[in-house]
Amino acid sequence: MTSPLLLGIDIGGTKIMACLYDSDLTLLAATSVPTPASEGGDAMIAAACAMGETLALDLGGESGSGLGATLTEAGKAWAETHAGETPNIAAIGVGAAGLIDSENGVVTAASDSFQGWAGYEVRSALQHWRDVPVAMENDVNAFLIAQMANRPQSEQRRSVLGLMLGTGVGGALWLNGGIFRGTGYSAGEIGHIPGFDDVPCTCGARGHLEGLAGGRGIARLWHEATGGDEDTREVGDLARSGDERALALWDQAGDSVAKAVAICQSLLDIDEVVIGGSVAKSWDLLEPAIRRGIEAYPVPIAREVAIAHADDGDDTVARGAAASARLLL
Ligand SMILES: [Zn+2]
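Residues numbered from 1 in each chain as written. Predicted model: local features only at pLDDT ≥ 70, side-chain atom pairs only at ≥ 80, totals over all residues. Heavy atoms only, no water.

As recorded by an unreviewed UniProt entry, the chain carries the name Sugar kinase and is attributed to Bifidobacterium lemurum. Note on the chain: under the UniProt heading Sequence similarities (unreviewed entry), the record states "Belongs to the ROK (NagC/XylR) family." (UniProt positions renumbered as here; feature names shortened; annotations may be inferred.)

Given below as structure tokens:
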């Protein structure tokens, strides 16, 4: 038996990504397929297991399964060092959108685009494939776990807010050194707090953070202001070229993030906020506005909060899920 490997699976709205890591969370191999979201939980788990099988075969030197698994440089080195050995998947971690009962490995609630996913028992389905420990996390929790997993002692923080600015706005809380999940596993979901202008939100209500700081919200506001159909990345390019209307939207997004940070600071005494997601890829536009907002909304008696950009690649959710699985070994 070789050294234990961790399989991290990120089940997203458009693709499922599967990644193999060594016990230090070094990425060895990764692959992805479009999410068969309309085909139900069994189809999604079958796709994940097939990818896990492919990754293990590739790493063990039996490539050619046709799913396009790619070994990283570290993976190639691993395969050379362990030639002739069968890769040993010792634990599995799953990160998925929606409300996740992480104690039981069950999807509590999911978006309508996932058929037959709410109520699905992910852990037991995976354990039919490999009888190993399975950890399951909400995707934003997994994102934050990934940020915290391999930090040196000197950079550890007690309490951190994770913000995922993607199509919508997701949040996660790391309190007293671990993920805080809440009574119904929805703790940290800050995208739908009220008090943010009066713009419509994806949830149907108005005035939520997500309407100002989520990708869909920014594109919608841009369309309202100009009639243009540019996406958030393109609105970013326009802001960089000096378009005042585009700049104003990025300022507004950063300002609203700063307000949300002030709320968390007051309530939870966090020491850091770590921000990722597709909208945060325009960090050059977002960061100055967030920092101005942090100055503008000082929180009495609270410590200074560090602002960090999580710019760490496609596999963040899978890596966080694998880090969670590592705790089960
Ligand atoms: Zn909302």
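Here the narrative resumes.
Peer 1: Would you take a moment to explain the sheet that holds strand β4 (residues 70–71) for this structure?
Peer 2: Backbone hydrogen bonds are what pair the strands of a sheet, in a parallel or an antiparallel way. If you walk across this open sheet you meet the 6 strands as β4-β3-β2-β1-β5-β8, and the pairing is mixed. In this open sheet, the two strands that pair with only one neighbour each are β4 and β8 (134–138). The pairing of strand β5 (residues 88–96) with β8 spans 5 bridges and is parallel. Residue pairing in the sheet places Ile 92 in a bridge with Val 134 of β8. In the packing of helix α4 (residues 139–149) onto the sheet, the strands contacted are β5 and β8, and the crossing angle to β8 comes to about 105°. (Pairing = 2+ DSSP bridges. Helix = DSSP H or I, 4+ residues; strand = E, 2+ residues; numbered from the N terminus. Contact = heavy atoms within 4.5 Å. Axes fitted to C-alpha atoms, helices over the stretch in contact; angles between N-to-C directions.)

Peer 1: Looking at this structure, how should I read the pattern of salt bridges?
Peer 2: Think of it this way: side chains of opposite charge can pair up when their charged atoms draw near. Here the structure, examined in full by the defined rule, presents 17 salt bridges. Here Arg 240 makes a salt bridge to Asp 237, at a shortest N to O gap of 3.0 Å. Placement of both Arg 240 and Asp 237 in helix α7 (residues 232–240) is noted, with a separation of 3 residues, approximately one turn of the helix. Accessibility expressed as a relative area gives 41% for Arg 240, which makes it partly exposed. Residue Arg 319 pairs with Asp 315 through a salt bridge whose shortest N-O separation is 3.7 Å. (Salt bridge = Lys/Arg side-chain N within 4 Å of Asp/Glu carboxyl O. Buried < 20%, exposed > 50% of the residue type's maximum accessible area, 1.4 Å probe, protein only.)

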